[in-house]
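# Understanding the architecture of this molecule
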Amino acid sequence: GGYAKECNNLGAMYYNGTGVRQDRHKAAQLFKKGCEAGVAEGCNNLGMMYYKGTGVRQDRHKAIQLFKKGCEAGVALACINIGMMYEKGTGVRQDRHKAAQIYKKACEGGNARGCFNLGVMYAKGTGVRQDKSKAKALFGRACDKGDEDGCKKYRILNEQGG
């Protein structure tokens, strides 16, 4: 009916079985319809289904394409998903530097988990040059956005004088 965002919302209802009988295959169809119509959240949702193999045949290559589409459209969670794939080398060649760049984009987009993940990379020197003060600042940002893990890491670094 021309309401692409509703395809994503209805897909979520079918995925979770909220108000309708749970049907993951139907959810995938609806997420795809939303994604193709420009609803970036639908791209991320369908990407996660392909990543996990839920309601569709598992296809990590397809998942990363969908996450990229969502991330490029500003869905920070899609950026987190791509970042994790690059960080771990899941479905793509491992590239921790690229993961850090993607987490930075998510963090700058307001996503607490992006700030936290990038903070971990700075704390360990993974994909970036180790920098405890940057890590602490990122954990603080994550904490400010409500990420409890970020708060814990921030307190630990603060106690260590880092």
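Residues numbered from 1 in each chain as written. Predicted model: local features only at pLDDT ≥ 70, side-chain atom pairs only at ≥ 80, totals over all residues. Heavy atoms only, no water.

### Some words on the overall build of the protein chain
Rules: Numbering of helices and strands runs from the N terminus, with a helix taken as a DSSP run of H or I at least four residues long and a strand as a DSSP run of E at least two residues long. By the convention used here, residues are in contact when the closest approach between their heavy atoms is within 4.5 Å.
A tally of helices and strands in the protein chain yields 9 helices and 0 strands. Reading the protein chain from its N terminus to its C terminus gives the helix and strand order α-α-α-α-α-α-α-α-α. Intrachain contacts of the protein chain at a sequence separation of at least 6 include 37% that bridge at least 24 residues.

### Considerations on the packing of aromatic side chains
Given two aromatic rings, their pairing is described by the distance between the two centres and the angle made by the two planes. Stated formally: Classification of ring pairs rests on two measures: the distance between centres of Phe, Tyr or Trp rings, Trp counted by its six-membered ring, which must be within 6.5 Å, and the angle between planes, read as stacked under 30 degrees, edge-to-face over 60 and tilted in between. For every residue, the accessible area obtained with a 1.4 Å probe (protein chains only) is divided by the maximum for its type, and the residue is called buried under 20%, exposed over 50%, and partly exposed between those limits. Only when the NZ atom of a Lys or the CZ atom of an Arg is both within 6 Å of the ring centre and within 35 degrees of the ring normal do we say a charge sits over the ring.
In total, this model carries 1 aromatic pair according to the counting rule given. Arranged with centres 5.5 Å apart and planes meeting at 45°, the rings of Phe 116 and Phe 139 form a pair that is tilted. A residue pair is termed long-range when its members are at least 10 positions apart, and Phe 116 in helix α7 (residues 112-124) and Phe 139 in helix α8 (residues 132-144) qualify at 23 residues. Each member of the pair, Phe 116 together with Phe 139, is buried. Positioned above the aromatic ring of Tyr 15, the side-chain terminus of Arg 24 is 4.0 Å from the ring centre. Sitting over the face of the ring of Tyr 51, Arg 60 holds its NZ or CZ atom 4.2 Å from the ring centroid.

### Considering the pattern of salt bridges
Here the idea is simple: oppositely charged side chains can pair when their charged atoms come close. To keep things clear, this is the line we draw: Counted as salt bridges are all cases of a side-chain nitrogen of Lys or Arg within 4 Å of a carboxyl oxygen of Asp or Glu.
Applying the stated criterion across every chain, the model contains 4 salt bridges. Across the pair Arg 113 and Asp 147 runs a salt bridge, and its minimum N-O distance is 3.0 Å. Residue Arg 113 is found in helix α7, and its partner Asp 147 is found in the loop between α8 and α9 (148-160); the two are separated by 34 residues along the sequence. A salt bridge links Asp 149 to Arg 113; the nearest nitrogen and oxygen atoms lie 2.8 Å apart. Here Asp 149, found in helix α9, pairs with Arg 113, found in helix α7; they are 36 residues apart in sequence, far enough to count as distant. Linked by salt bridges that have partners in common, Arg 113, Asp 147 and Asp 149 make up one network.

### Concerning the state of the cysteines
This is how the line gets drawn: Counting rule for disulfides: a pair of cysteine sulfur atoms within 2.5 Å.
Applying the stated criterion to the full structure yields 4 disulfides. The disulfide bridge from Cys 71 ends at Cys 79, spanning 2.0 Å between sulfur atoms. For the disulfide bridge between Cys 71 and Cys 79, the dihedral angle about the S-S bond is near 95°, and by the sign convention the bridge is right-handed. Comparing Cys 71 with Cys 79 shows no difference in burial state: the two are buried. Disulfide partners in the protein chain, listed by the sequence order of the bonded cysteines, are 1-2, 3-4, 5-6, 7-8. Not engaged in a disulfide, the cysteine Cys 7 finds its nearest cysteine sulfur in Cys 35; these two sulfurs lie 11 Å apart.

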